[in-house]
Structure formats: structure tokens, C-alpha cells
Amino acid sequence: MSNTSLPGHAGTFPAVICVAFLILSANAWGDLPLNRKTATLENGFFQVIHDGANITSLRLDATGGGTYGEDVVAAGSAITGTGAPVLKGNVLTFAKAGAIQWAFPFTREGFYDADAHLCYPGTTPTGAVPECLPVRKFVTSNGQTVFIEYFKRHPVGNQPLWLNLAHGNRFFVLGEKELGGNLAVQCPGQTIVRTAVTDTSLVLRWNPTAGPVSVTLLKQKSPPDLDMARPAMAFSPDFTVTYDETGKTVPATPLATDLLRMAMFWHPETMSNGEWVLDGVRTFRFVDTRSTYDDFLRRGLINNLALLGYDRFEHFGMIFNWGQYPDYGAGGLLNVPANNGAYDMRMLHVNAMFIIAVAEYVLSTGDTSILDVRAERYVATDGDQPQPICGGGADTAHHVLAAGDRRLDGKTPEKVFGLGQSFTATAAFTKVTLQLGTGTPLPGAPTEVTAHIWVTRLDDGRVLADVDRPLAPGQARQIVSVDLSETAGPGEYEVRVSDRRSGKYYFGPGITWRTKAEGDYAGAGPFSVPSRARFMTNSKWFSIISTNTPAGRRKTFRTTRTTASTTWRTRNRDAPWFPCRTPTTNAWAGAMTP
């Protein structure tokens, strides 16, 4: 590469470009803004160096004595977007409720021994150097626990792990004694904090909040106002674990508890697709019900019902979790003709996992109301009544046909899959409007997408519309209106949608219908919905626990564990209380403790 110079600045042009690039890159990661006047603000609890818009240094003393600990802002970085800070006792307030970016002290490379304050370049003690990362871990108001060493050796950049602030919009910064205290950070209205790493900082980011951000300085090592029990493990009798390479020995109980808390909440919500959904139900069986993880599981199970349809042998009622069905596309177990799609037996496996996951979710939480969930698809008319009639607030793309239903043997299917929604009109109408969408077709598949839509009066079966409507490929939300052949009076109706490609091609994600996955529409009710009866056909367990369950009722009952052999906690929204979530005691695990 040639070194082209600017006139009068021989040989400096590349350096200028490099310096400018580094400055822009550094500022993008929250490093110290340039050319700003700074001021120091302190009151014994906090020492804050700021420039009116950003905090470049923050030190703490939970006793209020002014003996400040390690900086909680990475050297050369800042807490950006804070506005002018305000101190009042042990509370620091960011005057500006904007997007915040906080760069914590961090060293990306190596293995960190928090007890010995050493950083190992590898797994052996050779070359260990002193290091103190004042932040030990983050704990969120949802019970999630993330240790600082998790971010070690990750690639520079945004990380897939984020902090879930549901159930309080708050996260806690718990540190070593060198930190000078612990912090509770309140982010009004925010439930997600994104994470990123550089070689010298760990960056937390969140969006503009609904009010000022407050940082409360605490003496306690554990979150004082976390109104839920985090999982813990105790060994009786306790024993020690020694790492042979370094000779370090630690008690097993705190080590196992740290591992349990980090591992159980590794995913900020839960995985609710494929095999992961059953693992999620089993992992969170002993989670405090005041956390929101049961709700995440419930929502995931319900949203999976958008993938209910035929398999390649025309059996209805299969769940295909990975976003399309009736199979997984290329890479299946059998080689089949072109345009027929590769076949994969995992479709049967994940269907079984889903059925077992629903059963175990109900048994472990007591939440039988999930068996009465009714999807509510978007339907509007031009009648003089509140619109849309159903599906308001729809947030799920319910597949009319996700991947095509061309048979494995190449024969034309005898059945055509579609979705229906029944509704009650209280006023005359001449038009029905839907919100449909399309996916991106697989390579080689036809790009033409045509929805077959028909509207039927339910009392006599009269068809008022039977039309085709072309849809634009790759657009997730499209407004589609259908004119009726005559004015329809008040009464009960059904509108159905199918895909004209059905049975002809394997084409990947197809037509979707915007749906409220768990609706409460009080009209005629959905016509084609997952029902309790369908679940019961898949599992005998439900014949015991799903009887006499009123639709639409949701109640919560909690019991608190008293000994290792009694019930831990249970949530039961609809049915009488029954024992569940009983922790087991064995020689290896010992007794579960809250």
C-alpha cells in the first residue's frame, strides 16, 4: 500500500486517518468524550467526575466516610448519556433519562480467580499476574445472575447474552470489597440491558427510560429488595474441591450455588423451541414463581401453537418448532426429488418434546388454564361496531402453511391446510379485512403467493366471498380486504385462508395471519384453534388434571417450602392446589435451600 501524503504534511496522512478511526471507534464503545471540561462531585458516598453529560469516574464508599474504592468506570471510558449527576445521600441520579452506556473495568483475556485476584493466561498457574475486577457479578430484578468471568475470552463486540430486568426494571452490581459497596441501578420502564465487550471494558447499554435513572449504594452483598428466592444448593456434610493445577481449595456449597445460579439463568428468558422447550420446563421447575420464568415458558408454549399443522403423511396436529414445517429443509435423512423438500425425522422428535413439555409445565406449575388457550386472529369489517372485531393487538405470525404440504412420495395431497376464524357481527357489513403476511421463499420456489380467502355465514353455510388475493413476497404485514357478494346482517360468520401453492411445491415459509396467541375474544370464538381435547389425545396425563377448568380464569396460589421434603412452591391458576415442585434429596446433591 502506498503512503500518500498531504501537501505540507509529508508522511502523516495515514496516521491522521488511523487516529481519527480509533477516536470514532472508541467513542462508539463509550470511551471518554474529548475536549470537555470536567468537575468533581462527592458527598462521602460517591465521588463523581463528570463533564455535565457523561461520567468519567465513579468511586464508592457505602459507609459514607469518603474512603472510596476502585473505579466502576473503565479507564479511558465513561458512563455516557447521563446528563448532570445529582447526589442525595447514598443515591446518585442521572438527570437525563436518555440511552445510557456504562463501561465497567474489565480485562477480556485470561482466566480470572476472583478470590485470589489473579489473572491466568491459561489454565495453569504459569504466568499469573495480579488483577482485581471490582465487579463480581450482576443480579437482575428477575433473579438472573451473571458472573463477570462469563464475558472473558469472548470476541470483541456485542454479546448474545443480555440482562433481563423484568419484575422490577432493576439490576444490581455486586462487587469485591475493593469496590467500596454494591449498587442497585433502577431503569424505569426498561426490561433489557444489552452487553458488549472490548479488551479493556465490559459495556452495558439500555434505551431511554421512562424517568431518571437512579443508582443506590448498598452495604449488603446480596440484593436487599429482591423479593424472590434465588436457587441454591447445599451439601450435607459439606466438602471441599481442589483444582489440581493450582492447588486451590474451596468449599463445595458456595461453588455449586454460584454454578447453579449462573447456569439456570444463562438464557435471559427461556428457550422454547425444539428440544430446548422441554429442557426449559425442567430447568425452571424449582424457580421461585415470583420470577417471570414460568410466564416466559407459558408464552413460548402458546406461541409454538402457531406451528401446528399437517405432516408429510397428512396427519394433522403436529408441532414443528423450528419456524417451518412439515420438515427442516435440506439436510434431512432421505434424498427426495427436487421441489419436494428434504425429510427429517426430528419433526417427530420435537413434536413429542412439545407434548411432554406442556404436560410437565402443567404438572409443575399447576397452570391448567394453558389448556384452554384460544388463538384470536385479526378480523375487521366495515360494519358500525368496534374494530377490529377480534385479533386486536395481534403479535404472532400464525402460519397458514409454513413450508408446503407436498407429500413425501410426490403424490398430490388429498387435504389442503388452512386457517379459520369465526366472529360475531353486531352490525351489517359488506367487507372483511385481514392482516396477512408472507415469508421469503426457498431458492427455486415460485415467488407468486396467492391467498385463497372465503367468507361463510355459519347459520346456513352460505358463501359470501370466495376469492384469490395476490400477496407481496417477503412482507410480514399486509392489509387484505375482501368485498362480499351481498350485505351481511348481524350474525355469526367465518373467514378462512389457505395457500394456493398447497400440495404443489415445497416452498419454505408461506402465508401468515396476524394473531393474538392468547386471546379473550367473547364472540363466536376461533373455529380452528388448539384445544384442550387435542392435548388430551396426545397425553393421558391431562385427563386427570384438566377437568372442570373454567375458560378464561387465572388465579395464583403460592405455598412456601418449609423443609427439604415438602413442597417448594407452586402456581395454580385454575385448579385446586395439589403438591408439586417437591425437591429431591440424595447423597450427591444434598438438600435444596431457598
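A few points on the structure.

Conventions used here
In this numbering scheme, every chain counts its residues from 1 along its sequence in written order. Local features are withheld for residues below a pLDDT of 70 in this predicted model, meaning they are given only at 70 or higher, and side-chain atom pairs are given and counted only at 80 or more; totals for whole chains, interfaces and linings count all residues. The side-chain figures draw on all heavy atoms in the structure; neither hydrogens nor water molecules are used. Only DSSP runs of H or I covering at least 4 residues are called helices, and only runs of E covering at least 2 are called strands; the numbering of each starts at the N terminus. Throughout, a residue-residue contact means that at least one pair of heavy atoms, one from each residue, lies within 4.5 Å. Accessible surface is estimated by sampling points in the Shrake-Rupley manner with a 1.4 Å probe; for residues, cover comes only from the protein chains shown. Categorising residues by exposure relies on relative accessible area from a 1.4 Å probe, with only protein chains included: less than 20% of the type maximum marks a residue as buried, more than 50% marks it as exposed, and the intermediate range marks it as partly exposed. Salt bridges are defined as contacts in which a side-chain nitrogen from Lys or Arg sits within 4 Å of a carboxyl oxygen from Asp or Glu. Whether two strands pair comes down to DSSP finding at least two bridges between them. Geometry is summarised by axes, namely lines fitted to C-alpha atoms with helices restricted to the contacting stretch, and by angles between N-to-C directions that run from 0 to 180 degrees. Paired rings are identified among Phe, Tyr and Trp, the last through its six-membered ring, by centres lying within 6.5 Å, and are further divided according to the angle between planes into stacked (under 30 degrees), edge-to-face (over 60) and tilted (the rest). Working definition: the arc comes from the directions between the helix axis and the C-beta atoms, pointing outward to the latter. A helix is expected to span 1.5 Å for every residue after the first. Any residue with relative accessible area above 30% and no salt bridge may belong to a patch, with like charges joined within 9 Å and the nonpolar Val, Leu, Ile, Met, Phe, Trp and Tyr side chains within 5 Å.

**Considerations on the overall build of the protein**
Then comes step 1: Counting secondary structure elements, the protein contains seven helices and 35 strands.
Then comes step 2: Excluding contacts between residues fewer than 6 apart, the proportion of contacts in the protein whose partners are at least 24 apart in sequence is 66%.
Then comes step 3: Total accessible area computed for the protein in this model is approximately 26400 Å², and 56% of it derives from carbon and sulfur atoms.

**What about unusual backbone geometry?**
Then comes step 1: P237 follows S236 through a cis peptide bond whose omega is 0 degrees.
Then comes step 2: With respect to the helices and strands, P237 occurs in the loop between strand 20 (232-233) and strand 21 (240-243).
Then comes step 3: The peptide bond linking Q387 to P388 adopts the cis configuration, its omega dihedral lying at -5 degrees.
Then comes step 4: Here P388 lies in the loop between strand 26 (380-381) and strand 27 (396-399).
Then comes step 5: Positive phi, close to 65 degrees, is recorded for R153, a residue that is not glycine.
Then comes step 6: By the secondary structure assignment, R153 is in the loop between strand 12 (145-147) and strand 13 (157-158).
Then comes step 7: Look at R153 and you get partly exposed, because its relative accessible area is 42%.
Then comes step 8: One non-glycine residue, N169, lies in positive phi territory at about 55 degrees.

**Overview of the pattern of salt bridges**
Then comes step 1: Taken as a whole and assessed by the stated rule, the structure comprises 19 salt bridges.
Then comes step 2: In this structure, R282 and E360 form a salt bridge, with 2.8 Å as the shortest nitrogen-oxygen distance. Of this pair, R282 sits in helix 3 (residues 275-283) while E360 sits in helix 5 (residues 346-365), and the two are 78 residues apart along the sequence.
Then comes step 3: K431 is the partner of D483 in a salt bridge, and the nearest nitrogen-oxygen pair spans 4.0 Å. Of this pair, D483 sits in strand 32 (residues 478-488) while K431 is found in strand 29 (residues 429-438), placing the two residues 52 residues apart along the sequence.
Then comes step 4: Here D483 falls in the partly exposed class, since its relative accessible area comes to 49%.

**What to know about the sheet that holds strand 28 (residues 418-425)**
Note: strands within a sheet are paired through backbone hydrogen bonds, in either parallel or antiparallel orientation.
Then comes step 1: The strand order across the open sheet formed by four strands is 28-33-30-31, and the pairing between neighbours is antiparallel. The open sheet terminates on both sides in strands that have one partner only, identified here as strand 28 and strand 31 (463-471). Neighbour-to-neighbour, the strand axes of this sheet turn through a mean angle of 20 degrees, independent of strand direction.
Then comes step 2: Direction of pairing for strand 30 (residues 449-457) relative to strand 31: antiparallel, over a ladder of eight bridges. When the bridges of strand 31 are listed, T450 appears paired with P470.

**So, the packing of aromatic side chains**
Ring pairs (aromatic) are described by centroid distance and by the angle formed between their planes.
Then comes step 1: This model, assessed by the stated rule, comprises 10 aromatic pairs.
Then comes step 2: When the ring of F171 is compared with that of W206, the centres are 5.7 Å apart and the planes differ by 70 degrees; the resulting orientation is edge-to-face. Taken together, the residues span a long stretch of sequence, with F171 in strand 15 (residues 170-175) and W206 in strand 18 (residues 201-206) at a distance of 35 residues.
Then comes step 3: Taking the centre distance of 5.4 Å and the plane angle of 85 degrees together, the rings of Y293 and F296 count as edge-to-face.

**Considering helix 3**
Then comes step 1: Here helix 3 has its buried residues at V277, L278, G280 and V281. One side of helix 3 holds all its buried residues, which, seen down the axis, span an arc of 155 degrees.

**Section: the pairing of strand 28**
Then comes step 1: Of all the eight residues making up strand 28, seven are buried; the element is thus mostly covered by neighbouring parts of the structure.
Then comes step 2: Relative to strand 33 (residues 491-499), strand 28 is paired through eight bridges, and the arrangement is antiparallel. Opposite S422, over in strand 33, you have E494 as the bridge partner.

**Here's the deal with helix 2 (residues 252-264)**
In an α-helix, one turn spans 3.6 residues; hence positions three or four apart end up facing the same way.
Then comes step 1: Taking 1.5 Å of rise per residue, 13 residues should cover 18 Å, and helix 2 covers 18 Å from first to last C-alpha, within 8% of that figure.
Then comes step 2: Listing the buried residues of helix 2 in full gives A252, T253, A256, T257, L260, R261, M262 and M264.
Then comes step 3: Buried positions along helix 2 lie against strand 12, strand 20, strand 21, strand 22 (248-251) and helix 3.

**What to know about a nonpolar patch on the surface**
Then comes step 1: The grouping of F239, V241 and L255 at the surface amounts to a nonpolar patch, some 250 Å² of accessible area in total.
Then comes step 2: Tracing the backbone through its elements, the reader meets L255 in helix 2.

**Concerning the sheet that holds strand 9 (residues 118-120)**
Then comes step 1: Reading across the sheet, the three strands line up as 8-9-10 and stay open at both edges, with antiparallel pairing between neighbours. Whereas interior strands pair on both sides, the edge strands pair on one side only; in this sheet they are strand 8 (111-113) and strand 10 (129-130).
Then comes step 2: Pairing between strand 8 and strand 9: three bridges, direction antiparallel. Counterpart to D113 in the pairing with strand 9 is L118.

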